[in-house]
Amino acid sequence: MGSLKESEAPAARLVAGVDIGNSTTEACIAEVDGQGVRYLGGGIARTSGIKGTTRNVQGVLEAVTGALARAGRPLSALDTVLLNEATPVISGMAMETLTETVITESTMIGHDPATPGGLGLGVGVTVPFSALGERADPAPVIVVIPGDVDYEDAARGLEAARARGVVVRGAMVQRDDARLIGNRLGQPIPIVDEIALIDRVPLGMQAAVEVAPPGHTIRELSNPYGLATLFGLSAEETRLAAPISRALVGSRSAVVIRTPAGDITDRRIPAGSLELIGERTRQTIDVTEGAEAIMRLLRRVQPLQDAVGAPGTNVGGMLARVRDTMAELTGDPPETVHIRDVLAVDTFVPREVRGGLAGEFALESAVALAAMVRTRHGAMARLAEALTRELGCDVRVGGVEADMALKGALTTPGTERPVAVLDLGGGSTDAALINAQGEVRTTHVSGAGDLVTRLIASELGLEDEETAENVKRYPLAKVESLFQLRLENGQVSFFDSPLPAETFARVVALKEHGVLAPVPCRHPLEKIRQIRRDAKRRVFVVNALRALEQVAPGGNLRRLDFVVLLGGSSLDFEIPELIAEATAEYGIVCGTGNVRGTEGPRNAVATGLVAAHAEQSREG
Amino acid sequence: MRDERRDKTSQRPTVRVVYRRDALVALREVCAGLEEEGVPFECEPTDAPLLAAAHEAAARSRLLVGVAVAGTEACVHFSQLAVDAPVLHVTDASASMLRLLGQDAARLVKVMPLGTPLSRRAASRKSLKENAP
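Residues numbered from 1 in each chain as written. Chains lettered and ligands numbered in written order. Predicted model: local features only at pLDDT ≥ 70, side-chain atom pairs only at ≥ 80, totals over all residues. Heavy atoms only, no water.

**Considerations on the domain arrangement of chain A**
For step 1, the next point in the chain: Annotation of chain A at the domain level lists domain 1 (1–87 + 378–401 + 602–620), domain 2 (91–98 + 269–374), domain 3 (105–262) and domain 4 (450–534).
For step 2, the next point in the chain: Here the C-alpha centroids of domain 2 of chain A and domain 3 of chain A sit 43 Å apart. (Domains from an automatic or database assignment.)

**A short note on the side chain of Ser-446 of chain A**
Residue and element names in this part refer to chain A.
For step 1, the next point in the chain: Relative to the assigned elements, Ser-446 resides in strand 23 (residues 440–446).
For step 2, the next point in the chain: When its relative accessible area of 0% is taken as the criterion, Ser-446 is described as buried.
For step 3, the next point in the chain: One polar contact links the side chain of Ser-446 to the main-chain carbonyl oxygen of Ala-370, over a distance of 3.1 Å.
For step 4, the next point in the chain: Among residues more than four places away in sequence, those in contact with Ser-446 are Ser-91, Asp-341, Val-342, Leu-343, Ala-370, Ala-371, Met-372, Gly-427, Asn-543 and Arg-546. (Helix = DSSP H or I, 4+ residues; strand = E, 2+ residues; numbered from the N terminus. Buried < 20%, exposed > 50% of the residue type's maximum accessible area, 1.4 Å probe, protein only. Polar contact = N/O pair within 3.5 Å; in protein donor to acceptor, adjacent residues only side chain to side chain. Contact = heavy atoms within 4.5 Å.)

**Overview of helix 7 (residues 314–330) of chain A**
All names here are of chain A.
For step 1, the next point in the chain: When the terminal C-alpha atoms of helix 7 are compared, their 24 Å separation across 17 residues agrees well with the 24 Å that a helix rising 1.5 Å per residue should span.
For step 2, the next point in the chain: Every buried residue of helix 7 is listed here: Val-315, Gly-316, Met-318, Leu-319, Val-322, Arg-323, Met-326 and Ala-327.
For step 3, the next point in the chain: Just downstream of helix 7 lies Gly-331, where phi reads positive at about 80°. (Expected span 1.5 Å × (residues − 1).)

**What about the sheet that holds strand 17 (residues 304–309) of chain A?**
All names here are of chain A.
For step 1, the next point in the chain: Spatially, the 3 strands line up as an open sheet ordered 16-15-17, and their pairing is antiparallel. At either end of the open sheet lies a strand with only one pairing partner, and these are strand 16 (282–286) and strand 17. Ignoring which end each strand starts from, the neighbouring axes of this sheet average 20° apart.
For step 2, the next point in the chain: Contacts between helix 7 and the sheet are confined to strand 15 (273–278) and strand 17, with strand 17 contributing the most and set at about 125° to the helix. (Pairing = 2+ DSSP bridges. Axes fitted to C-alpha atoms, helices over the stretch in contact; angles between N-to-C directions.)

**Points about the interface of chain B and chain A**
For step 1, the next point in the chain: Across the contact, 27 residues belong to chain B and 33 residues belong to chain A.
For step 2, the next point in the chain: Carbon and sulfur atoms supply 57% of the area buried between chain B and chain A, which totals about 2,700 Å² over both sides.
For step 3, the next point in the chain: We note a salt bridge from Glu-35 of chain B to Arg-184 of chain A, for which the minimum N-O separation is 2.7 Å.
For step 4, the next point in the chain: Taken together, the connections running from chain B to chain A amount to 11 residue pairs in polar contact (both at pLDDT 80 or more).
For step 5, the next point in the chain: When residues in the side of chain B that touches chain A are grouped by element, the largest group, 5 residues, is from helix 4 (residues 95–110) of chain B.
For step 6, the next point in the chain: Of the residues assigned to the side of chain B that touches chain A, the class counts are 13 nonpolar, 4 polar and 10 charged. (Buried area = accessible area lost by both parts, 1.4 Å probe. Salt bridge = Lys/Arg side-chain N within 4 Å of Asp/Glu carboxyl O. Nonpolar A, V, L, I, M, F, W, Y, C, P; charged D, E, K, R; others polar.)

**Overview of the environment of Ala-381 of chain A**
Residues and elements named next belong to chain A.
For step 1, the next point in the chain: Summarising the element assignment, Ala-381 is placed in helix 8 (residues 379–391).
For step 2, the next point in the chain: Ala-381 sits in the partly exposed class, given a relative accessible area of 43%.
For step 3, the next point in the chain: Linking Ala-381 and Gly-52, residues 329 residues apart in sequence, is a C-alpha distance of 9.1 Å.

This is the structure we're talking about:
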């Protein structure tokens, strides 16, 4: 100790590289001396607060102490903390439905109860069960049975009415009693049940009830000419009724009631137009033209200086919300917040139909927008000060995030310059390219993991984000019995003790340690899987190609050879393969990074910071 | 003679429902649940304790599902489960709870998600962590 002259061989110093991302903070601990670097360990923590603010201290502490513990060193031994100049972008998103289905005057009950009763098609006038007794009219009737009528009383009442000569053609039931009533009738009639708001069913109106045979779907009510035949509609009336039959396609049972002013409309909400302002040009596009058209236009306008929506329209409100949220986060006035990139994605949202009687859902089309703004610099300096106070050691801010990511990525075995990295994060997707001469180009595009979660949640109609996160992150399985489940690839797993009853016959996400998280929706496994993969493709594949195009020489993807995937979303079980599949078309070698040969796609920036620092101390 | 007939009926694929003689009101609801779901069932009286009776009924069911009803208490059992760990066990059940329990017994056969709320289910569930594949 102290016997060596410092100029010849400085003592090894303990340094920590720290990368603060949108959602996670990563640390890398290493010993640096004149000769080189010895990496000792990495740590990870959830980012506390918005990145680039002093609230990050908590997360940094957690990540650093975690890494130190793994390296077996005390906090007091730490000499220097290296912070990167964080990517000055923050992402936000918004979603807006573009259509709305409205049923006026309760013309249709299109819900699909699990167990309708009877069979066939019946047409008649709606009559309440309580009024059956005094009915003398020979016209055929559809009986409306409220929930307080017991199934045996209902069946007896219907039989008695028939005996008196009333022509009963069908029934609508509030409770889940259709089969029970149907089984007790001498002659079967179609019965649709579970009509929650039965007291709103218009009485004295022409109605049709249809129940399909097992394995079939309804034929007449889902056919506009079937409706026309049943209700004697003119050509014009048939045209107006067409949306009703379309909404009923695929149902096992349905009820349609004809009221004088009844209607079902598929209203398009005026979404408004989006104005994209580039350096040289500004272009306007109607949002209803869809995501693809918006993204095409964006490519023509690039580089984007700002985006605004027409005031008073949905898209105007949407972008204003993003701007306000960003302004709040950064502390800048909203008018100085400029949107520097947008990603538009077509999506759909299941919504309860307004005016429905049985909680019917309709799929409404929607558009999701992820937007990115640049934040002010300078906040890192304040954060560094706060960290110095907290840790009592030297804290340095330096190194552009993309440069550091490239340095870290190049510790992946099998890589050399020129190489491009794609950092798949939570809020944004970042790309950087380093050529053989060491020149770096970088870009950031908006939309990443958080948008995927949002799309999954809305398309599956999931209420909590945790379930959507589970669907995104884990493979699906269907619990097929109390002791076995079938994974989405067809493999079957067996269990020694029974699976929880709440997962029985349900689709579950297969989490770590065999924990099963039920996915509460009515879709089959295949449908959920498809929605999940589509959401990932629409965000990550689109963004990977878009970002790589912006850094590729001449914007030509064919001139890229190697792409290394980094960031939390690169740990996903299928996103890397979806991107690799898409980039293979351009002859690109694309795979998940393995930083330092041990860390996988994590820790690249933190490692890069340490590597850069070591290079500097060697040179200096 | 009677035994012969019973042997014959037990050949049918049915959910076996056993009931205490004082539980006819509850039995009606449970059976209505099974019938609404369209699953065949057979009923017979029993004097055995509830869980054991349900388990024994499940063991004799060709669909491997048994239900036991006593007063406002009812239990759905599956033949391959331990006697003291039934699929569902409700006490103090309302008529609609009993109807739902009957439907769930049927859904167990049809491999469809159960509807009985979690809070009313048997609490004797082990963590899955113990039997990860």
